[in-house]
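# Reading the structure
So you can see what is in the structure, the chains are spelled out below.
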Amino acid sequence: MEHLIHVLQTDRSDSEIIGYALDTLYNVISNDLEEEEQDDSEEENLPKQVDDLGSQFTEIFIKQQENVTLLLTLVEEFDFHVRWPGVKLLTSLLKQQGTQVQQIILVSPMGVSRLMDLLADSREVIRNDGVLLLQQLTKSNAAIQKIVAFENAFERLLDIITEEGNSDGGIVVEDCLLLLQNLLKNNNSNQNFFKEGSYIQRMKPWFEVGDDNCGWSAQKVTNLHLMLQLVRVLVSPTNPPGATSSCQKAMFHCGLLQQLCTILMATGVPADILTETINTVSEVIRGCQMNQDYFASVNAPSNPPRPAIVVLLMSMVNERQPFVLRCAVLYCFQCFLYKNQKGQGEIVSTLLPSTIDATGNSVSAGQLLCGGLFSTDSLSNWCAAVALAHALQENATLKEQLLRVQLATSIGNPPVSLLQQCTNILSQGDKIDRRGSKVQTRVGLLMLLCTWLSNCSIAVTHFLHNPANIPFLTGQIAENLGEEEQLVQGLCALLLGISIYYNDNSLENYRKEKLKQLIEKRIGRENFIEKLGFISKHELYSRAAQKPQPSFSSPDHMMFDHEFTKLVKELEGVISKAIYKSSEEDKKEEEVKKTLEQHDNIVTHYKKVIREQDQELEELKQRINTLTSQNEQLQGTVTQQVSQIQQHKDQYNLLKVQLGKDTQHHNSHSDTFQMNGIQMEEVSKLKEELEEWKNKHELLQGQLREKDSVIEKLKTSQLEMGATEQSSQTSKSGGLELSNELQKELEMLRSQIQLQSAEISKLQIENQRLQIMNTTADPVLGDSGATAANNSELEGRLEQEIKELKSEVKALSEEKESLKQHLDSSSSTVAILQDEKSKLQQEVAESKKEQDDLLVLLADQDQKLSALKIKLKDLGVPVEDEDDIESGDQGDEDEDGDEEEQD
């Protein structure tokens, strides 16, 4: 071996000798022996010896890690005579010492990436052997699985499967599917990467089958079987719930579930493929409401069309069907009802009197379950009982409704309830001749009754109302029977314990205390607890508790259901404690329970009130936010309008300035050309103003005369009232003050008159000057006709410009007025909104105060509640914390996950 390795190290340039050396090492390490070399006598011993030899040679080779690194380098060579034997040798090393070789490749630089290049090789032999190599490399090594997945393995493998013809392909497709299973199974990271990369959508064409499904080849059956298993890997109940749910939804949206249902209802499909398809559909719909609703709507292609559920149930209760197929149908039915209260209600409704089809043309799911429950085939009895128990799982309403179901046993006899009929069959025991296990029917019925009565006091009352039931149970438990019957005894003890624990003491003869006394007298408490423990100690119980899918090696081992094992685990300890409690403790417990219920009701009420107030608070906050945003918008609008008004003002002022400049410019021209028309207009305007000032002067003169007359009157009245009393002196001083004020006003008026007189004189002088200018202007106009024409043209242009400017000023003034009005209305709106906002803030403050009061009240209630719980614990009563009660559903899911991971 050392010489062969030396050849590999030193003769790299000679591809032929490298190829021979690799082939020799492969033959030394590999266990693939030619069949003709093995004699019949040596067949048993030789393979074991060769296994040992192969492992020893592998250990020698990989002892030096650089040997594996050298081999990885040789695998990179493109030469066929080097690459192919290198791939085969590495595969053989992985088969012999997988874990050690995986670690060496993992720490080797780009070790896994080099091997991924084999999938892209154009030579099919190397590509196919590369797939086999990667199969061995990815076994039970999550780190390598992740690297391979992120090296684009999914894309390449799916391309190869498509090229080879999907399910119609050969063994290469099988190898690719096995490699995909290695990459995805129990690897949440790769499963998520597969889903996020939209590779689930590429699986849909795998399941396209034609109308004629006869004559499938063995390879096609194998391929399709592996494809179905790959789908199940993605939606396995052992995966994290979130990952499973997202894959289930993706399978529905891409049409994969619909394709699987088509295979389910197709004719001519091989039995093992049909069974695996049923199991696959089961896990695709398990716990996913959308998929469960779709499955409920699927119809079989029959005339008339029947729901797929009904067709499957017909197979389950048909004893001529294969055992594995019946187990698969039961699993499918269980998955359909898992966390599906709507589906449970639909199944139970087919048993209720109001919905049963009177014509009898169609068979319902409820009728099939009842038929299976009371048939002479023990396996059908067990499957139907378990299926019906799943329809009642964690649904107290349906447990009560199922009590209404009446069955017609024979013509002329009155109908009996379903509960009564179950107990009748149970009590008859071995009297009815049945096919299959004698115990199986009774175990199935007892599981159904335990599920039905648990957590439903009304059902317990109905069960106890039949006087034959309790004596039958105590008789069964008290007897010393064989090992087979011990399981039945344990289940009878469980049923009797449920009848005590969930008893509401409504029947006087079957109160809790009396039933306990009966156990003490006829069975003995210790004996009762021992018989109850038979269930959880049974080997078949442990198997059923491992995973949800019912998988049994033979029909005789079909005893326990996975969901029922959870119920036993939950009730076993509780019932044991309830049996040992005294009547006083029971009374105290009842009182405490009632008090707790009252407090729970109060707490629930206040929680509801707080929830409602929170909603109102949220609504008010949203309203405040809306009003605030509206207010901000309006303020923005106001700001924008103010800026627009300012712009218009600036434009107005600018136009005004321009108009003033134009006027000055025209005045300078008029001084040069002495325009007669304009000067005449100004003279007339000045005359009018002069007249106005004269009128004002005359008006002021009249007012002055009136003031003088008033002063004269006051003076005369002052002289007349000179000798009056103290009061007249006061009026005299007032009159003097008034006189002084009038004197001041008179002075002001005189000064105004003087100013106005000065202005009038100025205007008169200006008038005279203009008249002189007017007289001198006539000869100039007569001398120059061209100048007059120019003046008239300029005058027209000036008049036109003045008119345009005036109209612009007028338009701007109107726009200014409208903007002012809009601003006023916006300001009023803002004021209203601010007022409303203050009101809402006041309401919010009141709501917060009310909520604080409620929280204080809740704190008091919680203190009382904790005191009562302490009392209960002192009395030895198990008390669940409020957090445990509220998160019950989550706890169930976690327990589910824990039990399934044990598998």
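Note that the coordinates shown come from a computational prediction; the quantities given were computed from them, not determined experimentally.

## Some details on the overall build of the chain
In terms of helices and strands, the chain carries 39 helices and 4 strands. Looking at the 903 residues of the chain, the share that counts as buried comes to 42%. For the chain, contacts bridging at least 24 residues in sequence account for 75% of all contacts bridging at least 6. Summing over all exposed atoms, the chain offers an accessible surface of approximately 48300 Å²; the carbon and sulfur share of this is 50%.

## As for the packing of helix α21 (residues 365-373) against helix α22 (residues 378-392)
Packing of α21 against α22 brings their axes to within 7 Å, and their N-to-C directions diverge by 135°. Relative to α22, the element α21 is oriented oblique. At the point where α21 passes α22, the crossing takes the left-handed sense. Counting all contacts with α21, which are made through Leu369, Gly372 and Leu373, the residues of α22 involved are Ser380, Asn381, Ala384, Ala385, Ala387 and Leu388. Across the contact of α21 with α22, the residue classes tally to 6 nonpolar, 3 polar and no charged.

## Some words on the UniProt feature "coiled-coil region" (unreviewed entry) in the chain
Under the feature "coiled-coil region" (unreviewed entry), the UniProt entry names residues 603-637, 676-703 and 739-853. Each end of residues 603-637 is marked by a C-alpha atom, and these two atoms are 50 Å apart; helix forms 100% of the span and strand 0%.

## Some remarks on unusual backbone geometry
One non-glycine residue with positive phi stands out, namely Glu394, at about 55°. Locating Glu394 in the fold gives a position in the loop between α22 and α23 (396-402).

## Overview of the environment of Asn187
With respect to the helices and strands, Asn187 occurs in the loop between α11 (171-184) and α12 (188-196). Separated by 41 residues in the primary sequence, Asn187 and Lys146 have C-alpha atoms spaced 8.3 Å apart.

## Focus: the pattern of salt bridges
If the charged atoms of two oppositely charged side chains come close together, the side chains can form a pair. Tallying each qualifying case throughout the model produces 18 salt bridges. Between Asp168 and Lys220 there is a salt bridge, with its nearest N and O atoms 3.2 Å apart. Here Lys220 lies in helix α13 (residues 218-234) and Asp168 lies in the loop between α10 (153-164) and α11, a separation of 52 residues in the sequence. A relative accessible area of 15% places Lys220 in the buried class.

## A look at the packing of helix α16 (residues 271-285) against helix α19 (residues 323-337)
Between α16 and α19, the shortest axis-to-axis distance is 8 Å and the interhelical angle comes to 15°. Taken together, the axis directions place α16 and α19 in an arrangement best described as roughly parallel. Crossing of α16 against α19: the hand is left-handed. Residues Leu274, Thr275, Ile278, Asn279, Ser282, Glu283 and Ile285 of α16 form the contact with α19, whose participating residues are Val324, Leu325, Ala328, Val329, Tyr331, Cys332, Cys335 and Phe336.

## Topic: the side chain of Arg232
Along the chain, Arg232 falls in helix α13. Using a relative accessible area of 13% as the deciding quantity, one classes Arg232 as buried. Ignoring sequence-local partners within four residues, the contact set of Arg232 consists of Glu276, Asn279, Thr280, Glu283, Tyr331 and Gln549.

## Notes on the side chain of Arg127
Within the secondary structure, Arg127 sits in helix α8 (residues 124-137). Aside from chain neighbours lying at most four places away, what touches Arg127 is Leu118, Leu119, Asp121, Ile160, Glu163, Glu164 and Val172.

## Quick notes on the state of the cysteines
Cysteine pairs can be linked by a disulfide, which is a covalent bond between their two sulfur atoms. Throughout the structure, instances matching the rule amount to 0 disulfides. Left without a disulfide partner, Cys332 is nearest to the cysteine sulfur of Cys335, which lies 6.9 Å away. No disulfide involves Cys370; its nearest neighbouring cysteine sulfur is the one of Cys422, lying 8.1 Å away.

## Overview of α19
For α19, spanning 15 residues, the distance from its first C-alpha to its last is 22 Å, which sits close to the expected 21 Å at 1.5 Å a residue. Most of α19 sits out of view: 14 of its 15 residues are buried. Phi turns positive one or two residues past the end of α19, at Lys339, with a value near 55°.

## Some remarks on helix α29 (residues 512-522)
Inspection of α29 places Lys512, Leu515, Lys516 and Ile519 among the buried residues, and these make up the whole buried set. Along the axis of α29, the buried residues cluster in a sector spanning 100°; they form a single face. Seen from the open side of α29, the exposed residues pointing more than 90 degrees away from its buried face are Lys521 and Arg522. At the C-terminal side of α29, Gly524 shows a positive phi close to 95°.

## Things to note about the packing of aromatic side chains
Applying the stated rule across the entire model yields 13 aromatic pairs. With a centroid separation of 5.5 Å and 40° between ring planes, the pair formed by Phe194 and Tyr199 is classed as tilted. Note on Tyr541 and Phe560: the rings are 5.7 Å apart at their centroids and 90° apart in plane angle, and the pair reads as edge-to-face. With Tyr541 in helix α32 (residues 539-544) and Phe560 in the loop between α32 and α33 (562-580), this residue pair connects regions lying 19 residues apart in the sequence. Following the ring pairs from residue to residue traces out a cluster consisting of Phe150, Phe154, Phe193, Phe194 and Tyr199.

Calculation rules
- Residues numbered from 1 in each chain as written.
- Predicted model: local features only at pLDDT ≥ 70, side-chain atom pairs only at ≥ 80, totals over all residues.
- Heavy atoms only, no water.
- Helix = DSSP H or I, 4+ residues; strand = E, 2+ residues; numbered from the N terminus.
- Buried < 20%, exposed > 50% of the residue type's maximum accessible area, 1.4 Å probe, protein only.
- Contact = heavy atoms within 4.5 Å.
- Areas by Shrake-Rupley, 256 points an atom, 1.4 Å probe, with all protein chains shown as cover.
- Axes fitted to C-alpha atoms, helices over the stretch in contact; angles between N-to-C directions.
- Parallel < 35°, antiparallel > 145°, perpendicular 65-115°, else oblique.
- Left-handed = near helix turned anticlockwise from the far one by under 90°.
- Nonpolar A, V, L, I, M, F, W, Y, C, P; charged D, E, K, R; others polar.
- UniProt positions renumbered as here; feature names shortened; annotations may be inferred.
- Salt bridge = Lys/Arg side-chain N within 4 Å of Asp/Glu carboxyl O.
- Disulfide = S-S within 2.5 Å.
- Expected span 1.5 Å × (residues − 1).
- Arc of directions from axis to C-beta.
- Phe/Tyr/Trp six-rings, centres within 6.5 Å; stacked < 30°, edge-to-face > 60°.

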